[in-house]
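What follows is the residue order along each chain.
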Amino acid sequence: MASKKRWDTIYDKSNPFSLPQDIARQVRCLAREHDNGADPERMQYLWIYVSPVESEFSRGDVPNDRTLAADEWLSILDESAALGTECVVISAGQGLDNHPEILAMCSWAQETHGMLVGLHVYHQPLTEGEIKKLAALDQDLFGLFVDADLADEMAVPRELGIRVYTADCDGRQTMTGNCTIPEGMTCVGPTGKMYACGYVYGNKKYAMGHCFEKELGAVMSDEHIPRMIPRGDAGAQRRCNGCPPLMKRILQDAVTEGRVSAFNRNGKDK
Ligand code: SF4
């Protein structure tokens, strides 16, 4: 259950998300009832894009549809938790000040569901003030992943205790064969459209519908949705940056090797 103390740490006013939280709790209960004893471990990872994806930025092709509101994102987190998800990565290309819902999503995922949360930053570096806000999150359940091309523009003071890593992973290296990670993952974009993963985001072949029309449980059990990505289907310009299982592995390897933070004040790998 979310702790009021934690909310107080993050927000200086009364919790602005109390109503969405109540709604989200009810959605979670309904999702559990819906499971009706079925195997709850159908989904392991949730990948969220709150900003246009990398390829949309590079094409200047920003979607006109309305973006999801904070309470809608919290409901998606609840639904995915009810299906067994323990790790979420939020990919953000426009900073926290443009997306104040991100902190609420991170905190909700950690406090309510005990999820490991990754924030993947691409396109626009976080400002000093935005980085400081991240220090209020539970650092035991948090990792910051930054695209390598932003490293020189984003310094994270060590004293904040934030674990920071390079997000870059080339899909063609990752996918030595066909990638089957999407069997346990859904990627939801800023307007609620769902795809198998960020690598094939926007490719109609891997479209999973819209979150307003389809519950995640129905998406995960839909056998008509392709869950395997052949190596050849990976767009040449897109990489696997931010992919939740890969980010989780980067974090776990760093912890195992005793690397508390992979960035220094200059934003370089240690
Ligand atoms: S981002 Fe890459 S590694 Fe992750 S599911 Fe997609 S293809 Fe596989």
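Keep in mind that this is a model prediction, so the values were computed, not measured.

## Observations regarding the overall build of the protein chain
If you tally the helices and strands in the protein chain, you get nine helices and eight strands. Across the 270 residues of the protein chain, 54% fall into the buried class. Restricting to contacts in the protein chain with at least 6 residues of sequence separation, those with at least 24 account for 76%. Within the structure as shown, the protein chain displays about 12,300 Å² of accessible surface, and the carbon and sulfur contribution to it stands at 48%.

## Structural notes on the side chain of T85
In this structure, T85 sits in the loop between α4 (70-82) and β2 (87-92). Taking the relative accessible area as the measure of exposure, T85 reaches 3% and is therefore buried. At 3.0 Å, the side chain of T85 forms a polar contact with the backbone oxygen of S80. In this structure, T85 is in contact with M43, Q44, Y45, L46, S80 and M115, ignoring residues within four places of it in sequence.

## Considering the nonpolar core
Among the nonpolar cores identified, the biggest contains 75 residues, and L77, L119, L134 and L144 are the most heavily contacted of them. Here the element with the most residues in this core is helix α5 (residues 101-113); it accounts for six residues. The contact partners of L77, leaving out residues within four places of it in the chain, are L46, I48, V88, M105, W108, A109, H113 and M115.

## What to know about unusual backbone geometry
At H123, a residue that is not glycine, the phi angle is positive and equals roughly 65°. On the secondary structure map, H123 appears in the loop between β3 (116-121) and α6 (128-134).

## Looking at the sheet that holds strand β6 (residues 185-188)
Sheet architecture is open: eight strands sit in the order β5-β4-β3-β2-β1-β6-β7-β8, paired in mixed fashion. Taken across any chain shown, the strands that pair with only one partner, and hence form the sheet edges, are β5 (164-166) and β8 (207-210). Shown here is a sheet whose adjacent strand axes are inclined to one another by a mean of 20°, direction ignored. Pairing analysis gives three bridges linking strand β4 (residues 142-146) to β5, with the strands arranged parallel. Across the sheet, the residue bridging to L144 is V164, located in β5. Lying on the sheet, α4 is in contact with β1 (45-49), β2 and β6; it crosses β1 at an angle near 165°. Running over the sheet, α5 touches β1, β2, β3 and β4 and is turned about 175° from β2.

## Overview of the packing of α4 against α5
To characterise two packed helices, one gives the angle between the axes of the helices and the distance between these axes. Put simply, α4 and α5 touch, their axes get as near as 10 Å, and they point 30° apart. The orientation of α4 relative to α5 falls into the category roughly parallel. Here α4 runs over α5; the crossing is right-handed. Here α4 contributes A70, W73, L74, L77, D78 and A81 to the contact with α5, which in turn contributes E101, A104, M105, W108, A109 and H113. When grouped by side-chain class, the residues that make up the contact of α4 with α5 number nine nonpolar, one polar and two charged.

## Quick look at the pairing of β2
β2 sits mainly inside the fold: six of its six residues count as buried. Of the two faces of β2, the one carrying C87, V89 and S91 and the one carrying V88, I90 and A92 are both buried. Strand direction decides the pairing type here: β1 and β2, joined by five bridges, are parallel. Residue pairing for β2: I48 is matched across the bridge by I90. Here β2 pairs with β3 via six bridges, running parallel. Within β3, the residue paired with C87 across the bridge is L116. Read from β2 through α5 to β3, the crossover connection turns out right-handed.

## Some points on the pattern of salt bridges
Evaluation of the coordinates by the stated rule reveals four salt bridges. Note that R66 and E72 form a salt bridge whose closest N and O atoms lie 2.7 Å from each other. With a relative accessible area of 48%, R66 lands in the partly exposed category.

## Side note on α5
The first and last C-alpha atoms of α5 sit 17 Å apart over 13 residues, in line with the 18 Å expected at 1.5 Å per residue. At the C-terminal side of α5, G114 shows a positive phi close to 65°.

## Side note on the confidence of the model for the protein chain
Scored by pLDDT, the protein chain comes out at a mean of 82, with 73% of its residues at no less than 70. Under a pLDDT of 50 for its full length, residues 1-17 has, in the predicted model, 31 contacts with residues more than four places off or in other chains. Across residues 264-270, where pLDDT falls below 50, the model places 22 contacts with residues more than four positions away in sequence or in other chains.

Thresholds applied
- Residues numbered from 1 in each chain as written.
- Predicted model: local features only at pLDDT ≥ 70, side-chain atom pairs only at ≥ 80, totals over all residues.
- Heavy atoms only, no water.
- Helix = DSSP H or I, 4+ residues; strand = E, 2+ residues; numbered from the N terminus.
- Buried < 20%, exposed > 50% of the residue type's maximum accessible area, 1.4 Å probe, protein only.
- Contact = heavy atoms within 4.5 Å.
- Areas by Shrake-Rupley, 256 points an atom, 1.4 Å probe, with all protein chains shown as cover.
- Polar contact = N/O pair within 3.5 Å; in protein donor to acceptor, adjacent residues only side chain to side chain.
- Core = buried A, V, L, I, M, F, W, Y, C linked by side-chain atoms within 4.5 Å.
- Pairing = 2+ DSSP bridges.
- Axes fitted to C-alpha atoms, helices over the stretch in contact; angles between N-to-C directions.
- Parallel < 35°, antiparallel > 145°, perpendicular 65-115°, else oblique.
- Left-handed = near helix turned anticlockwise from the far one by under 90°.
- Nonpolar A, V, L, I, M, F, W, Y, C, P; charged D, E, K, R; others polar.
- Right-handed = clockwise from strand over helix to strand, strands pointing away.
- Salt bridge = Lys/Arg side-chain N within 4 Å of Asp/Glu carboxyl O.
- Expected span 1.5 Å × (residues − 1).
- pLDDT = per-residue confidence, 0-100.

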